[in-house]
Amino acid sequence: TQSRWRFIGGVGASKTKGMYGDDGEGIYKRIAIAMDTMSNDTMTFSIEIGAQDGEDGRLYTTTAQAKALGGPAVQMHIGQMGDILFNGEFIFNSGDEGFNALAFIKVGLAYRSMNFDRESVNSVRQFSPELQIGFGFEVGRHMSIGLGYQGIMSGNVELTTNSITHTGAVTNIPSMQGLLA
């Protein structure tokens, strides 16, 4: 069938690893645009380009690491994220026009950046694998609502410090998991 463009918006709650206490918990917003590449009555495949909020928090450090960097916990900022996802949406026809259940899976890459409150710790930019999976309902011919899991995977965050130069080097941006509606 004919290609169609879709606008996608959502709000979610997330948990980011590698931060002090509940610093890694937050609410985020996501917007995206998708183009259906193949569609029929029971499935749709599309390509999606999106963006979502970043977050601030304190990177988990040991007392020795904080001391080597000359002060309290390292404040970090994970910037706004951009991603490209390949989507599969599977439609379960209810028989009622415009009210169908659906399940979706999205896989792709997220481009992320992270910097710190002090220049003595390096910034990190990387591509991370992303997975979204969930379900929803069409509530009209051109609108649907859903609930899904979002995971952005990354390796463990490792901070190495040099107590002589008071510098630090970080590898990887923390993984994030969330529920997105």
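For the structure itself, look to the data block above.
For the structure given in this document, a descriptive report is provided here. No experiment lies behind these values; they were computed from the predicted model shown.

## Notes on the pairing of strand β9 (residues 143–152)
Right, so step 1: Two elements, strand β8 (residues 124–140) and β9, share 10 bridges in a ladder whose sense is antiparallel. Bridging from a neighbouring strand, L131 pairs with G151 of β9.
Right, so step 2: When β9 meets strand β12 (residues 176–180), the two strands line up antiparallel, connected through five bridges. Considered in β12, the bridge of G151 is made with Q177.

## Quick look at the nonpolar core
Right, so step 1: Of all hydrophobic cores here, the largest spans 13 residues; its most connected members are L59, M76, I78, M114, F116 and V170.
Right, so step 2: Taken together, the elements giving at least two residues each to this core come down to β5 (75–78) and β7 (101–116).
Right, so step 3: If sequence neighbours within four positions are ignored, F116 has contacts with L59, V74, Q75, M76, V121, N122 and V170.
Right, so step 4: In this structure, M81, A110, I152 and L180 belong to the second largest nonpolar core, which totals six residues.

Thresholds applied
- All chains use their own residue numbering, which begins from 1 and follows the written sequence.
- Two thresholds apply to this predicted model, a pLDDT of at least 70 for residue-level local features and 80 or more for giving and counting side-chain atom pairs, whereas whole-chain, interface and lining totals are computed over all residues.
- Heavy atoms from the whole structure form the basis of all side-chain values; hydrogens and water molecules are not counted.
- Pairing between two strands is assigned when DSSP locates at least 2 bridges connecting them.
- In this text, helices come from DSSP runs of H or I with a minimum length of four residues, and strands from runs of E with a minimum of two, each type numbered from the N-terminal end.
- Residues enter a nonpolar core if they are buried and are Ala, Val, Leu, Ile, Met, Phe, Trp, Tyr or Cys, with the set joined through side-chain atoms within 4.5 Å.
- The buried label goes to any residue with under 20% of its type's maximum accessible area, the exposed label to any with over 50%, and the partly exposed label to all in between, with areas taken from a 1.4 Å probe on protein chains only.
- Throughout, a contact is declared for two residues whenever any of their heavy atoms are within 4.5 Å.

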